[in-house]
Amino acid sequence: MTDPLKLASEFPSADYAGWRKLAEEALKGASFEKKLVTQTLDGFAIQPLYTQDDQDDATRLIHDVLCTSVEPRETVTGWDIRQLHAHPDPVVTNSAILDDLENGATSILLKLDASARKGREINSGDVGVDGIALHCLADFECTLKDVYTNLATIALDAGAVAIPAAAMLAARMVDEDGADEAAPAFNIDPIGTLASTGTLPCASEDALRQTAEISAELIDLFPLGTAISANGAPYYNAGATDGQELACLLASGVAYLRALTDTGMAVDQAAGAIAFNVAIGTDFFAGIAKLRALRLMWTRVLAASAAEDASISINAVSAEIAMSKVDPWVNMLRTTVTSFAAGLGGANSVVCLPYDHLIGLPDSFTRRIARNTQLILQEESNVHRVIDPAGGAWFIENMTRDLANVAWKKFQSLEASGGILAALANGSLKKDIEAVWQSREKRVANRRDPLTGVSEFPNIAEAKVSCDAPDLDAIQANGKARQTKYSQTVGNTLESLIDAARNGATIGHMFTDLYGASAAITVPALTPHRLSEPFEALRKRADNYKSKTGSFPQIFLANLGKVAQHTARAMFARNFFESCGIETITNTGFADPGSAAKAFTASGAKVAVICGSDPQYSDMAADMAKALKDAGASRVYLAGHPGDAKEAYEAAGIDDFIYVGSYVPGVCRTAMDHISSDVRGDK
């Protein structure tokens with residue numbers, strides 16, 4: 001029987017050579033390599049098309065290797081939906097935790113406040129700042145009231161006080177029914193703490209030794225838990241490439257693995273005590289490849305260490321570097337991308353940050369959106385029911401291989417130079433990452449890497465997001481009331497720390513007894529960045545200007561001719577200036593310089609931008625610039641690249657030019673200086 005439809009059988013078979021020929025014809029002489037091949041910051045190329053011919057023996061093995069790093073039960077339960085909690089009030093946090101757990105979250109991340117993280121007592125000035133006021137066991141009990149810690153994983157973010165905080169959590173959990181089935185994530189990470197803060201309370205060698213010794217005791221109490229976290233977020237949020245973050249993660253993991261096995265732990269048990277925390281950006285495929293590459297490389301490390309179990313524990317978190325304070329609702333799209341990439345890449349747990357995370361404390365609605373983002377991804381896509389769902393895709397397999405190769409070389413370089421701690425101590429790692437950040441910042445500032453809602457499609461009239469402003473004085477007073485006096489000296493074993501916690505010792509007391517009062521090591525700390533920060537600074541300045549004058553700083557669009565003639569560049573100019581908070585005064589166009597100058601005067605603006613087509617510029621730009629200057633414009637821009645006419649335009653009074661590739665924040669900062677020259681305090 002013949003097929004009456006035939007469908008694709010009537011078309012000639014496709015091959016890469018034929019596609020390449022058609023692509024080059026469509027480019028009309030433009031370079032294939034420059035137009036269609038993407039060069040990553042890690043130095044390898046991404047082709048526009050991949051075929052089965054791009055597979056080699058290495059890429060064909062990736063999927064099989066990665067399957068050994070996944071527990072089959074995870075395809076039934078899915079990844080852990082982990083919710084971050086940082087409200088300063090333990091009572092409010094407890095209510096929020098119960099709400100999350102009742103509505104889909106399966107794991108909780110508790111971030112300690114700035115006071116506790118520095119080992120200070122609750123009478124210090126930063127109690128409740130940037131975290132929960134957790135200072136004693138009573139605070140933990142208040143926060144985790146009615147929480148079944150054997151069913152929901154409790155994770156900690158405690159910085160330098162990770163060991164005292166771990167003892168507090170262990171004291172809260174160890175005597176509960178089902179404690180042997182609990183899987184807490186204590187996240188002790190002196191290397192990550194040193195990278196992000198630049199300090200440790202003891203020498204780095206002592207910090208590793210103590211971390212390993214306490215971790216061994218924690219795993220004895222909670223064999224299903226993880227004690228140590230190798231955290232890549234400080235590196236990625238400082239601007240590092242995916243390859244640099246992976247190298248730092250691997251170097252940290254190896255340092256911890258060595259320290260744990262030095263205590264006598266078997267290599268399989270030691271590897272199981274370590275979790276990896278990975279920051280995922282908004283490059284969807286890069287996020288998938290990054291997690292797959294990490295799993296691949298760690299499998300190689302474990303094989304070299306003669307481990308029998310190749311499984312790995314990964315927590316993925318939305319990268320703060322990719323989030324923005326302006327138009328924060330777009331963050332929902334960003335965190336959806338990061339969460340989905342994490343799920344496809346094989347993360348065991350995922351933290352989807354609320355869209356207002358950078359602005360203040362999330363409420364029940366923003367937590368619900370973050371929680372439901374993951375729930376919908378799991379229930380609608382079912383990707384968690386497949387082991388390595390990205391396996392076999394030619395593009396992702398090649399990207400995984402290339403990224404793993406680059407990261408492995410960087411890891412070897414770190415090891416050859418003395419390891420991750422040495423690279424942090426001598427500042428070489430910070431220098432390398434800062435160089436990458438400068439490249440990232442430049443690409444965002446000239447809008448080659450667009451940020452929706454920030455550098456593209458800005459909405460300067462957006463409604464502001466408001467967040468809860470808790471009463472820190474009341475929180476501090478309530479915290480003091482929960483404390484009891486403890487005057488004994490705290491020992492340095494987990495058992496003695498737990499005993500001290502039960503008898504009223506505070507985290508500050510434990511920290512001082514363990515380490516003393518001052519930092520023992522100081523190195524150049526990594527500086528966290530966000531891609532949107534140069535635009536946000538100017539948007540904030542524009543808001544300040546509006547608060548003093550009643551309106552945003554404004555620029556007049558001197559549109560030439562009919563709408564069809566100037567619309568393209570007028571829209572370009574509007575996006576350009578409004579991305580930095582400068583409102584554009586638009587119109588339907590002017591037939592002559594005189595009418596444009598008259599409208600400019602009536603607008604009250606001080607700065608103007610000429611918008612039109614190249615032929616119009618040849619005929620009118622010089623006269624338009626002169627008319628605008630005569631009308632009082634302190635600065636005149638032209639939308640478009642001036643080419644060979646630059647000197648003539650400048651002689652006619654045009655001060656600057658805006659075009660694709662212009663450094664937007666720099667141009668707008670100068671424009672705002674002219675606009676606000678008579679307004680004090682707008683900066």
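For the structure, check the block above.
Cut-offs and rules
Residues numbered from 1 in each chain as written. Predicted model: local features only at pLDDT ≥ 70, side-chain atom pairs only at ≥ 80, totals over all residues. Heavy atoms only, no water. Helix = DSSP H or I, 4+ residues; strand = E, 2+ residues; numbered from the N terminus. Buried < 20%, exposed > 50% of the residue type's maximum accessible area, 1.4 Å probe, protein only. Expected span 1.5 Å × (residues − 1). Polar contact = N/O pair within 3.5 Å; in protein donor to acceptor, adjacent residues only side chain to side chain. Salt bridge = Lys/Arg side-chain N within 4 Å of Asp/Glu carboxyl O. Axes fitted to C-alpha atoms, helices over the stretch in contact; angles between N-to-C directions. Parallel < 35°, antiparallel > 145°, perpendicular 65-115°, else oblique. Left-handed = near helix turned anticlockwise from the far one by under 90°. Contact = heavy atoms within 4.5 Å. Arc of directions from axis to C-beta.

### A word on the side chain of S662
By the secondary structure assignment, S662 is in the loop between β17 (656-658) and α28 (664-675). Owing to a relative accessible area of 5%, S662 belongs among the buried residues under this scheme.

### As for helix α5 (residues 90-102)
An ideal rise of 1.5 Å per residue puts 18 Å on 13 residues; α5 measures up with 18 Å between its terminal C-alpha atoms. Here α5 has its buried residues at P90, T93, N94, A96, I97 and D100. Sitting at the amino-terminal end of α5 is D89, which places a side-chain oxygen 2.9 Å from the backbone nitrogen of V91. At the exit of α5 stands G104, carrying a positive phi of roughly 120°.

### Overview of the pattern of salt bridges
For the structure on display, the rule yields 35 salt bridges. With a shortest N-O distance of 2.8 Å, D56 and R401 are connected by a salt bridge. Residue D56 is located in the loop between β2 (45-46) and α3 (57-67), and its partner R401 is located in helix α17 (residues 394-416); the two are separated by 345 residues in the primary sequence. Because the salt bridges share partners, they merge into one network encompassing D99, D100, R367 and R371.

### A short note on the packing of helix α23 (residues 533-549) against α28
As a packed pair, α23 and α28 sit with axes 10 Å apart at the nearest point and diverge in direction by 15°. When the interaxial angle is binned, α23 and α28 end up roughly parallel. The way α23 lies across α28 gives a crossing that is left-handed. Of α28, the residues touching α23 (which contributes P534, F535, L538, R541, A542 and Y545) are V664, P665, C668, R669, M672, D673 and I675.

### Some details on unusual backbone geometry
Located in the positive-phi region is D146, a residue other than glycine, with phi close to 65°. Looking at the secondary structure, you find D146 in the loop between α7 (137-143) and β5 (153-157). Residue A306 is not a glycine yet carries a positive backbone phi of 65°. Inspection of the secondary structure puts A306 in the loop between α14 (284-304) and β10 (313-318). Judged by relative accessible area, A306 falls into the exposed class, the value being 59%.

### Brief notes about helix α25 (residues 593-603)
Residues spaced three or four apart along an α-helix face the same direction, because each turn holds 3.6 residues. Within α25, the full set of buried residues consists of P593, A596, A597 and F600. One face of α25 carries all of its buried residues, which in axial projection span an arc of 100°. The exposed set on the far side of α25, more than 90 degrees from its buried face, consists of K598 and A602. At its buried positions, α25 is contacted by β13 (554-559), β15 (607-611) and α26 (614-630). Sitting at the amino-terminal end of α25 is D592, which places a side-chain oxygen 3.1 Å from the backbone nitrogen of G594. Immediately beyond the C-terminal end of α25, within one or two residues, lies G604, with a positive phi of roughly 80°.

These results come straight from atomic positions and should not be treated as a statement about function.
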